[in-house]
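Structural characterization, general
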Amino acid sequence: MSVTPSDVKATLSFSDNSPSIDFPIYKGTIGPDVVDIRALYNKTGKFTYDPGFMSTASCNSSITYIDGDKGELLYRGYPIEQLAVKCDFLETCYLLLNGELPNATQRTDFTSLVTNHTMVHEQMGSFFQGFRRDAHPMAVLVGTVGALSAFYHDSLDITDSHHRDVSAIRLIAKLPTLVAMTHKYTLGQPFVYPRNDLSYTANFMRMMFAVPAEEYKVNDVMVRALDRIFILHADHEQNASTSTVRLSGSSGANPFACIAAGIACLWGPAHGGANEAALNMLYGIQKQGGVEKIGEFIKDVKEKDSGVKLMGFGHRVYKNYDPRAKLMRETCHEVLNELCLHDDPLFKLAMAQEKISLEDDYFVKRKLYPNVDFYSGIVQRALGIPVSLFTGIFSLARTVGWIAQWNEMISDPEQKIGRPRQLFIGAQRRDVPSIDQRK
Ligand code: ACO
């Protein structure tokens, strides 16, 4: 672990006069120091207790850094605001995977490598036939991405760095194809094969929206908007789905299976499913009467037992405006202008909702700000992406982050199988009663 030990040590003392223990403290390059408590159990027979990992660093990493109080997000040191305007998604992928931005030659080579892997095995088409047409796209993606491991036996040796590289490229290249196939399958339209003369994102849009009966014209503003969505969602340090990928990978599972596990975790409404939930929430308010009904909705949100949440608001790490939400709001303006939808009622509703919430004491006190999902649904809807596919788009974009984090974990000499412990509060040892003695 290439971290600097601090001169300061953490001392754990006990009120029953048991001897106190010192633990080393490490400094990262930025961010909070960590107390290394790995020896705690050996020395004391005690575990730490931290459900939800509120104070626990599960690994060391050099990929993505978030300062939640400042509202800062860095990929390999570069601010997301700069990457979103100066780079495209494949450059961002290269950066996340390799640590540095590509030069012109590396960029061309990487683009051509990914482009050459965009097709999926023809048999994948038959695999789709096993799903109901109305299956949720995330159910289809968990299945089809996991199934890739059945097709690529030649890249499953995780101890071989060449196998890992090939799997990484296959996943980044094939996810757009699988997401688009999922969409086409739902519609009952023929699958559209990838086209290697188009950019990564233009190709994806074509696979999503082209039909054999008509010529498909790529709209550059729309492609740029979707590419930006991909960049903004590419990685986000040790969030729930990334930790799921790392935990699955820690047992030695193959990368396709690990990414399928990440997709399953991302599906939940508290995580990647929030963009779908945010848009459905806006539709709901609009149906009730629109802007005038925001007050009533906010009242419900503030009611502790109502179970109603303002979706697209709040974040475990950001206690300030999520920088991705700002970029997404800008992108929303660009796309709606391009489509002459300046007066889009849902966008107006979202902006009114944001304004009212940011001035409300409940949200101010709890430092609840819009997160990336608050506006991304409106952009995706404008691009013609159905609501149920939003989290699939997120999976497509996050695959590179998952892979980079998985690769980092495998290459870490300190890597061990992830195995949390517990505070057991169930029954103590007891004997099994015979059936007639049971209550
Ligand atoms: N609406 C209303 N109240 C909220 C919201 C919200 N969206 N988010 C948090 N709160 C309240 C909680 O009820 C809690 O109030 P309390 O102190 O009175 O009990 C307080 O704010 C702290 O919230 P926690 O749930 O403890 O915060 P946590 O870090 O565990 O949760 C989470 C973060 C899951 C993102 C939460 O804010 C949430 O559910 N937001 C809505 C879903 C969402 O948008 N998720 C997307 C996250 S971004 C992503 O995954 C890409």
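Structure first, text after, so check above.
The notes below deal with the structure included here. (Residues numbered from 1 in each chain as written. Predicted model: local features only at pLDDT ≥ 70, side-chain atom pairs only at ≥ 80, totals over all residues. Heavy atoms only, no water.)

With that out of the way, let us pick up the overall build of the protein. Assigned secondary structure in the protein consists of 18 helices and six strands. The C-alpha radius of gyration of the protein comes to 24 Å, within 12% of the 22 Å expected for a compact globule of 439 residues. The dimensions of the protein, computed from C-alpha atoms along their principal axes, are 80 × 65 × 60 Å. Buried residues in the protein amount to 46% of all 439 residues. Restricting to contacts in the protein with at least 6 residues of sequence separation, those with at least 24 account for 69%. In the form shown here, the protein has an accessible surface area of approximately 22,600 Å², with 52% of it arising from carbon and sulfur atoms. (Helix = DSSP H or I, 4+ residues; strand = E, 2+ residues; numbered from the N terminus. Rg over C-alpha atoms; globule rule 2.2 N^0.38 Å. Buried < 20%, exposed > 50% of the residue type's maximum accessible area, 1.4 Å probe, protein only. Contact = heavy atoms within 4.5 Å. Areas by Shrake-Rupley, 256 points an atom, 1.4 Å probe, with all protein chains shown as cover.)

The strands that make up a sheet pair up through hydrogen bonds in the backbone, lying either parallel or antiparallel. Taking strand neighbours across the sheet as the criterion, the three strands line up as S4-S5-S6 in an open arrangement whose pairing is antiparallel. Two strands close off the open sheet at either side, each with one partner strand: strand S4 (64-67) and strand S6 (78-79). Both S4 and strand S5 (residues 72-75) contribute to a ladder of four bridges, which runs antiparallel. From the neighbouring strand, Ile 66 faces S5, where its bridge partner is Leu 73. (Pairing = 2+ DSSP bridges.)

A separate point is the nonpolar core. Membership of the largest hydrophobic core comes to 113 residues, with the highest contact counts inside it found for Val 145, Leu 178, Phe 204, Leu 226, Phe 230 and Tyr 375. A total of 12 residues in this core trace back to one element, the largest contributor, which is helix H18 (residues 390-411). Those residues in contact with Phe 204 that lie beyond four places of it in its chain are Pro 176, Val 179, Ala 180, Leu 226, Phe 230, Ile 393 and Leu 396. Core analysis: the second largest hydrophobic core is formed by five residues, Ala 10, Phe 23, Ile 25 and Leu 40 among them. (Core = buried A, V, L, I, M, F, W, Y, C linked by side-chain atoms within 4.5 Å.)

Moving on: the site of the ligand. Taken together, 20 residues are adjacent to the ligand, and Lys 304, Lys 309, Leu 310, Gly 312 and Arg 316 come closest. Leu 310 is positioned such that a nitrogen or oxygen atom in its backbone is 2.8 Å from a nitrogen atom of the ligand. Phe 313 is positioned with one of its backbone polar atoms (N or O) 2.9 Å from a nitrogen atom of the ligand. Taken by itself the ligand offers 930 Å² of open surface, and the protein chains cover 74% of this. For the shell around the ligand, the class distribution of residues is 10 nonpolar, five polar and five charged. (Near = heavy atom within 4 Å. Polar contact = N/O pair within 3.5 Å; in protein donor to acceptor, adjacent residues only side chain to side chain. Nonpolar A, V, L, I, M, F, W, Y, C, P; charged D, E, K, R; others polar.)

Looking now at the pairing of S5. Here S4 folds back onto S5, and the loop between the two strands holds four residues, one of which, Gly 71, carries a positive phi near 75°. In terms of strand pairing, S5 meets S6 through two bridges, oriented antiparallel. Residue pairing for S6: Leu 74 is matched across the bridge by Pro 79. Between S5 and S6, which pair antiparallel in sequence order, lie two residues; one of them, Arg 76, sits at a positive phi of approximately 50°.

The next point concerns unusual backbone geometry. With phi around 50°, Phe 53 is a residue other than glycine that occupies positive phi space. Checked against the element boundaries, Phe 53 lands in the loop between helix H1 (40-44) and S4. With a phi close to 50°, Lys 367 is a non-glycine residue in the positive phi region. Along the chain, the position of Lys 367 falls in the loop between helix H16 (361-365) and helix H17 (373-383). Overall, the relative accessible area of 42% leaves Lys 367 in the partly exposed class.

Turning next to the pattern of salt bridges. As enumerated under the stated definition, the model contains 19 salt bridges in all. Residue Arg 107 is joined to Glu 91 by a salt bridge in which the shortest nitrogen-to-oxygen separation is 3.1 Å. Of this pair, Arg 107 sits in helix H4 (residues 104-115) while Glu 91 is found in helix H3 (residues 89-98), placing the two residues 16 residues apart along the sequence. The shortest N-O distance in the salt bridge between Lys 348 and Asp 343 comes to 3.4 Å. Residue classification places Lys 348 among the partly exposed positions, given a relative accessible area of 43%. In this structure, a network of salt bridges that share partners links the residues Asp 36, Arg 38 and Glu 414. (Salt bridge = Lys/Arg side-chain N within 4 Å of Asp/Glu carboxyl O.)

Attention shifts here to the sheet that holds strand S3 (residues 34-35). Across the sheet, which stays open at both edges, the three strands sit in the order S1-S2-S3 with antiparallel pairing between neighbours. Pairing within the sheet leaves two strands with one partner each, and these edge strands are strand S1 (4-12) and S3. Inspection of the sheet shows S1 paired to strand S2 (residues 21-27) by six bridges, in the antiparallel sense. Bridge pairing links Thr 11 to Asp 22 in S2.

Moving on to the packing of helix H9 (residues 220-232) against H17. At a closest axis distance of 11 Å, the pairing of H9 and H17 adopts a crossing angle of 145°. H17 is crossed by H9, and the crossing has left-handed handedness. Across from Met 222, Ala 225, Leu 226 and Ile 229 in H9, the residues of H17 making contact are Val 379, Gln 380, Ala 382 and Leu 383. Residues belonging to the contact of H9 with H17 are distributed by class as follows: seven nonpolar, one polar and no charged. (Axes fitted to C-alpha atoms, helices over the stretch in contact; angles between N-to-C directions. Left-handed = near helix turned anticlockwise from the far one by under 90°.)

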